[in-house]
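Architecture and fold: a report
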Amino acid sequence: MSSTTLKVAAVQAEPAWFDLQAGVTKVVSLIKEAGENGAQLIGFPESFIPGYPGCIWTGGFDPELLVNFQKNCLSVKSEEFATIRRAARDAGIWVVLGYTEVDGYSMYCAQSFINPEGQVVLHRRKTKPTGSERTIWGDAPADSLQTVVEGPNGIKIGGLNCWEHLQPLLRFHHYSLGCQIHVASWPYMMDPSEAEIYHQHKPEMQTIATRFTALEGQTFVICSTLIITPENYEKCRVTGTNRAPPNGGGFAAIYGPDGIQLTSDIDPGKECILYADINLDAIRLAKLSADPVGHYSSSIANPATLVRYPSGGDYTLLSKIPPLEN
């Protein structure tokens, strides 16, 4: 392939619910599979380790579940994290991992960008957890506004978690960093037939937000999602609630910079890796008509310039992660 084309992968899979070791094993297996199938970049769902606790939306504070949840979250300083990094190196593939990070006794919704040498080149946290998520996840520090990094063949890759896609200024800032391939990390979503009160939580609404990011930013989008199966409703404490979608709750896909879906529709309850061969020249074509941070950006309506946070310095999240040793 030339420097303007590559094969990308989106994960739709059920996590190893609240089991750190099994979760790491599953991540390693998916990375290996994607690498063997020729992918150069794979994106994972939100909180793939240790799973997304959907019960925070349906019940009260559950200390028993949340203590176990925290014990199975992933630390960037852990051997488990190093195992995932070695898997990326062994597969020779870029990985954007979505997980719940534990730092001390606090938890954060995180994305780590790992290169084919196993080094973490960007580490960020969800800037503002959504609704009930604020009972478990903390806010991100300022350097998490760095959402884009140079990836394979010098292509700029970036990512946002879940409803960060509904924050207009954050999206604008993300586009201004030059994102060419965007990883949209999502959990599973609620049962569409039971969402009469919460229409905005339906899978179709998340698909709209994801696809609009592709269209608005003229960027390729890897949409990766969790699923949940009935045998895990009880473990996740969602039995009989709208967080127990009988169809699985997934909506993974890959989109082009003109908003076109590049992958076939799939069963929302099926575990799979979706692949697409993409050509970066499609971005040039899409931006001929509209570039929100270029010729189609009005100086009158342009929001205040956002600060570009440096990648170095002792105060950044990335500085906490040591290099991967041989």
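Treat the numbers as computed from the prediction; the structure is a model and nothing was measured.

**Examining helix 5 (residues 203–217)**
Helix length check: helix 5, at 15 residues, gives a terminal C-alpha distance of 21 Å against a target of 21 Å (1.5 Å per residue), a fit within 8%. Taken together, the buried positions of helix 5 are Pro203, Gln206, Ala209, Thr210, Thr213, Ala214 and Gly217. The arc enclosing the buried residues of helix 5, seen along the axis, measures out at 135 degrees, which places them on a common side. Of the surrounding secondary structure, the elements contacted by the buried residues of helix 5 are helix 4 (168–176), strand 8 (181–186), strand 9 (220–226), strand 10 (253–255) and helix 7 (281–287).

**Comments concerning the UniProt feature "active site" (unreviewed entry) in the protein chain**
Within this numbering scheme, the UniProt entry marks Glu46 as carrying the feature "active site" (unreviewed entry). Here glutamate 46 is to be found in the loop between strand 2 (41–43) and helix 2 (63–71). Residue glutamate 46 is classed as buried on the basis of its relative accessible area of 0%. In this view, glutamate 46 contacts Tyr52, Gly98, Cys109, Lys126, Glu133, Trp137, Asn161, Cys162, Ser185, Trp186, Pro187 and Leu226; residues no more than four positions away in its chain are not counted.

**Notes on the nonpolar core**
Of all hydrophobic cores here, the largest spans 51 residues; its most connected members are Phe44, Ile84, Val95 and Leu97. Within the residue set of this core, elements represented by two or more residues are strand 1 (5–13), helix 1 (20–36), helix 2, helix 3 (79–91), strand 3 (94–103), strand 4 (106–114) and helix 6 (233–236). With 6 residues, the single largest contributor to this core is helix 1. Excluding anything up to four places from it in sequence, phenylalanine 44 contacts Val11, Val27, Leu30, Ile31, Val95, Val96, Leu97, Gly98, Val183, Ser185 and Ser224. Residues Ala10, Leu122, Ile222 and Leu274 belong to the second largest nonpolar core, which totals 23 residues.

**What to know about the packing of aromatic side chains**
A complete count under the given rule lists 7 aromatic pairs for this structure. Look at tryptophan 17 and phenylalanine 18: their rings are 5.8 Å apart centre to centre, the planes differ by 65 degrees, and that puts the pair in the edge-to-face class. Note on accessibility: tryptophan 17 and phenylalanine 18 belong to one class, buried. What links up through ring pairs into an aromatic cluster is the set Trp17, Phe18, Phe69 and Tyr188. When the ring centre of tyrosine 275 is taken as origin, the NZ or CZ atom of lysine 7, which lies over that ring, is 5.0 Å away.

**Remarks on the environment of cysteine 272**
Position of cysteine 272 relative to the elements: it lies in strand 11 (residues 272–279). We classify cysteine 272 as buried; its relative accessible area is 17%. Measuring from C-alpha to C-alpha, the distance between cysteine 272 and alanine 22 comes to 18 Å, with 250 residues separating the pair along the chain. For cysteine 272, the contacting residues outside a window of four places in its chain are Ala10, Val11, Gln12 and Ile266.

Procedures and definitions
- Residues numbered from 1 in each chain as written.
- Predicted model: local features only at pLDDT ≥ 70, side-chain atom pairs only at ≥ 80, totals over all residues.
- Heavy atoms only, no water.
- Helix = DSSP H or I, 4+ residues; strand = E, 2+ residues; numbered from the N terminus.
- Expected span 1.5 Å × (residues − 1).
- Buried < 20%, exposed > 50% of the residue type's maximum accessible area, 1.4 Å probe, protein only.
- Arc of directions from axis to C-beta.
- Contact = heavy atoms within 4.5 Å.
- UniProt positions renumbered as here; feature names shortened; annotations may be inferred.
- Core = buried A, V, L, I, M, F, W, Y, C linked by side-chain atoms within 4.5 Å.
- Phe/Tyr/Trp six-rings, centres within 6.5 Å; stacked < 30°, edge-to-face > 60°.
- Lys NZ or Arg CZ within 6 Å of the ring centre and 35° of its normal.

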